[in-house]
Amino acid sequence: MRISVVVFVVLAAAASRAQQMEPIQNPSARQGASLNGRWQALMDPYEAGYYDFHLNPIKDGGLGANRVPANKGDKFELVFLPATPTLAVPGDWNTQRPELLWYEGTIWYRHEFDYAPPATPRRQFLWFGAANYQAVVFVNGKKLGQHEGGFTPFQFEVTGLLKEHGNAVIVKVDNQRHADAVPPTMTDWWNYGGLTRDVKLVDVPETFIQDYQVQLEKGSGDRVAGWVRLNGARKRQKVAIRIAEANASVTVETGEDGYARFAFPAALSLWSPENPKLYAVAVEAETDRVQERIGFRSIAVSGTKILLNGKPVFLRGVAIHAEAPFRSGRVFSEADARTLLGWAKEMGCNFVRLAHYPHDEAMTRLADEMGLLVWSEIPVYWAVQWENAAVYARAERQLAEMIARDRNRASVVFWSMANETPLGEARTKFLSSLAAKARELDSTRLITAATLPHTGAPNTIVLDDPLGKALDVLGCNEYIGWYDGSPEKADRTSFQNTYDKPLVMSEFGAEAPYGNHGDENTAWTEEYQANVYRHQLPMLQRIPFLQGMAAWILMDFRCPRRFLSGVQDYYNRKGLLSDRGEKKQAYYVLRDFYHSTVATAR
Ligand code: GCB
């Protein structure tokens, strides 16, 4: 009797911990196992695996219950069988089977794994790099919880739920678009669904280092500052932060809440695109230790200048979608990231705008290594429901998850709140609150957003969006020569800034499929696209407060709202390269400019 009570208490404690929790920093540096591989996958457009015929949620979780037919008379339909087909994880489902290319709905995934319990008591978490858009997660028939938002990591504690053999993780992933989601129903990219990034079992000590920020102290070039947070029963511990190569370290004591701040002097070689120096940084508590490579740089504004390590920097950039080169689909690997960022580097970029949602972590980690400054954005895109508090909560959650994941990346200098949102009081309030939240979560980076241009006097574009008050750096997308007049219109256009703040032209460009030729006045030709760039670049150089630009876009990408047969065929073709890596004429125009001293010495 006594024994069963103890067992019950232990299980109840484990079950109550089995819930989604705050992010675990740097999961790839932890013990554990990759759960990538082939997962069984069932398409369920009616959500019949989750709701009964009167649309009541099925009590035991439906397909999530992980039932196994045991007797020959069993008639369950809601089961995975050995014959159930599989999909690769990570990977969007759309590009894995022809019938899934346009699919928007639910797919159920199931994967089995073994787990050898450690000798000393430890804790385990099931970690997902991203699932687009909504995920409901079950382990061994038990529902752990759900996550919303297609581009940020999440995890559930599974301590006490695992056995040595045959653990089953089942995930219901639903990529239906909704007007009250973030992003909303209308976007300009493919709605790739599924378990699009890595899945891992993360194994940590009972009290572990959950999160930390180690960056240069704001306003300083030789002091490191940050904080550390422990999770577990032993909240009070001594924690050392060490940068051995710089012979710098500090030891602090965490409080009752497991949290401690720190700051210490360090003579560091500062990170920049020309010197992407990373240091091995160790965070050592009494019960846990984690290490990663971190770069140190400062980023600030002064009037209309952007200062990197105290010196003005001009951002020679390009925007990138998380569209995989050559194979198509969502980017999920270091190889994809290396190709995309390699093209940007080769073109002469020191800056990339990762549009329009947080990209795979491989991108920001590689940007750290390769020396590329990064604009990172949440998918508050076009027209979201500004007055809806639940929508705001969704946006804020994604913002927090984006910042949590990349807070130690030197490459990331901008957090972008939104893209091309319509003017209005509710919208400005929404985005200003997000900006305030971003500052509260991370005071070391610059806050921006891509806004729309407004016409003032003839041939004048005025930067007067009221959102500008809440931003450190103004972003503006303009399409002179494409949606807006002829390429020559750029010759007559000038810009006025109502703010004493720097401007990054966050988009400009034109569309042409690779190999489509004609004269420079014929739309959709490479010649026309190149001509737009030839007129844009002198215009941009005349803007005194312009401190950077991100051409739209590095590579063509799939998009359901681009119909033009024989030209677009459901691709946005504004890429400087095709999705096969073929360079269009405009690529060379921009490359020559980015390599010229006009751009490098600006
Ligand atoms: C924009 C959007 C971007 C689109 C692009 C286009 O202004 O920010 O997401 O893909 O224009 O090609 O129209």
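All of these numbers come straight from a predicted model, not from anything done at the bench. (Residues numbered from 1 in each chain as written. Predicted model: local features only at pLDDT ≥ 70, side-chain atom pairs only at ≥ 80, totals over all residues. Heavy atoms only, no water.)

Student: What's the story with the site of the ligand in this structure? I'm lost.
Tutor: Around the ligand there are 14 residues in total, and Asp188, His356, Tyr381, Glu420 and Tyr483 lie nearest to it. His356 has a polar side-chain atom sitting 2.6 Å from an oxygen atom of the ligand. In this structure, Tyr479 approaches the ligand through a side-chain N or O atom, which is 3.3 Å from an oxygen atom. Contact with the protein chains hides 97% of the accessible area of the ligand, taken as 320 Å² for the molecule alone. A class-by-class count of the residues in the shell around the ligand yields five nonpolar, four polar and five charged. (Near = heavy atom within 4 Å. Polar contact = N/O pair within 3.5 Å; in protein donor to acceptor, adjacent residues only side chain to side chain. Areas by Shrake-Rupley, 256 points an atom, 1.4 Å probe, with all protein chains shown as cover. Nonpolar A, V, L, I, M, F, W, Y, C, P; charged D, E, K, R; others polar.)

Student: Got a minute to help me understand helix H5 (residues 425-441) in this structure?
Tutor: Side chains of residues three or four places apart in an α-helix project in the same direction, reflecting 3.6 residues per turn. Between its terminal C-alpha atoms H5 stretches 24 Å, which fits the 24 Å expected from 17 residues at 1.5 Å a residue. Among all positions in H5, only Arg427, Thr428, Phe430, Leu431, Leu434, Ala435 and Ala438 are buried. Angular distribution of buried residues about the axis of H5 spans 160°; they occupy a single face of the element. Those residues of H5 that are exposed and aimed more than 90 degrees away from the buried face are Glu425, Lys429 and Glu440. Turning to H5, the residues buried within the fold contact helix H4 (389-406), strand S24 (412-419) and strand S25 (446-451). (Helix = DSSP H or I, 4+ residues; strand = E, 2+ residues; numbered from the N terminus. Expected span 1.5 Å × (residues − 1). Buried < 20%, exposed > 50% of the residue type's maximum accessible area, 1.4 Å probe, protein only. Arc of directions from axis to C-beta. Contact = heavy atoms within 4.5 Å.)

Student: Would you mind going over the domain arrangement of the protein with me for this structure?
Tutor: How large an interface is tends to be reported as the accessible area lost when its parts come together. Its domain assignment divides the protein into domain 1 (17-205), domain 2 (208-297) and domain 3 (313-601). Centre-to-centre separation of domain 1 and domain 2, based on C-alpha positions: 33 Å. Contacts between domain 1 and domain 2 engage twelve residues on the former and twelve residues on the latter. Between domain 1 and domain 2 the total buried area reaches about 960 Å² when both faces are included, carbon and sulfur atoms providing 47% of it. There are one salt bridge connecting domain 1 and domain 2. With a closest N to O distance of 3.4 Å, Arg30 and Asp288 form a salt bridge. At the junction of domain 1 with domain 2, the criterion picks out nine residue pairs in polar contact (both at pLDDT 80 or more). (Domains from an automatic or database assignment. Buried area = accessible area lost by both parts, 1.4 Å probe. Salt bridge = Lys/Arg side-chain N within 4 Å of Asp/Glu carboxyl O.)

Student: For this particular structure, what's the right way to read the packing of aromatic side chains?
Tutor: Two measures describe an aromatic ring pair: the distance that separates the ring centres and the angle between the ring planes. Taken as a whole, this structure holds 31 aromatic pairs when the rule is applied. For the ring pair Trp386 and Phe430, a centre distance of 4.9 Å and an interplane angle of 85° mean the geometry is edge-to-face. Taken together, the residues span a long stretch of sequence, with Trp386 in the loop between strand S23 (373-377) and H4 and Phe430 in helix H5 at a distance of 44 residues. With respect to burial, Trp386 and Phe430 carry one shared label: buried. Above the face of the Tyr50 ring, Lys172 is positioned so that its terminal group lies 5.2 Å from the ring centre. The cationic tip of Lys277 hangs over the ring face of Tyr279; the distance from NZ or CZ to the ring centre is 4.7 Å. (Phe/Tyr/Trp six-rings, centres within 6.5 Å; stacked < 30°, edge-to-face > 60°. Lys NZ or Arg CZ within 6 Å of the ring centre and 35° of its normal.)

Student: Help me understand the packing of helix H7 (residues 526-541) against helix H8 (residues 585-595) in this model?
Tutor: Geometry of a packed helix pair, given as the angle between the helix axes and the separation of the axes. Interhelical geometry of H7 versus H8 gives an angle of 25° and a closest axis separation of 7 Å. By the criterion of interaxial angle, the relationship of H7 to H8 is roughly parallel. Taken as a pair, H7 and H8 cross one another with a handedness that is right-handed. Judged by residue contacts, Glu526, Glu527, Gln529, Ala530, Tyr533, Arg534, Leu537 and Gln541 of H7 engage Gln585, Ala586, Val589, Leu590 and Phe593 from H8. Partitioned by chemical class, the residues of the contact of H7 with H8 number seven nonpolar, three polar and three charged. (Axes fitted to C-alpha atoms, helices over the stretch in contact; angles between N-to-C directions. Parallel < 35°, antiparallel > 145°, perpendicular 65-115°, else oblique. Left-handed = near helix turned anticlockwise from the far one by under 90°.)

Student: Is there a simple way to think about the sheet that holds strand S16 (residues 279-284) in this case?
Tutor: Strand order across the open sheet formed by four strands is S14-S13-S16-S17, with antiparallel pairing between neighbours. The sheet terminates laterally at strand S14 (248-253) and strand S17 (289-294), the two strands that pair on one side only. Adjacent strand axes in the sheet meet at a mean angle of 15° when their direction is disregarded. Note that strand S13 (residues 238-243) and S14 share six bridges and pair antiparallel. (Pairing = 2+ DSSP bridges.)

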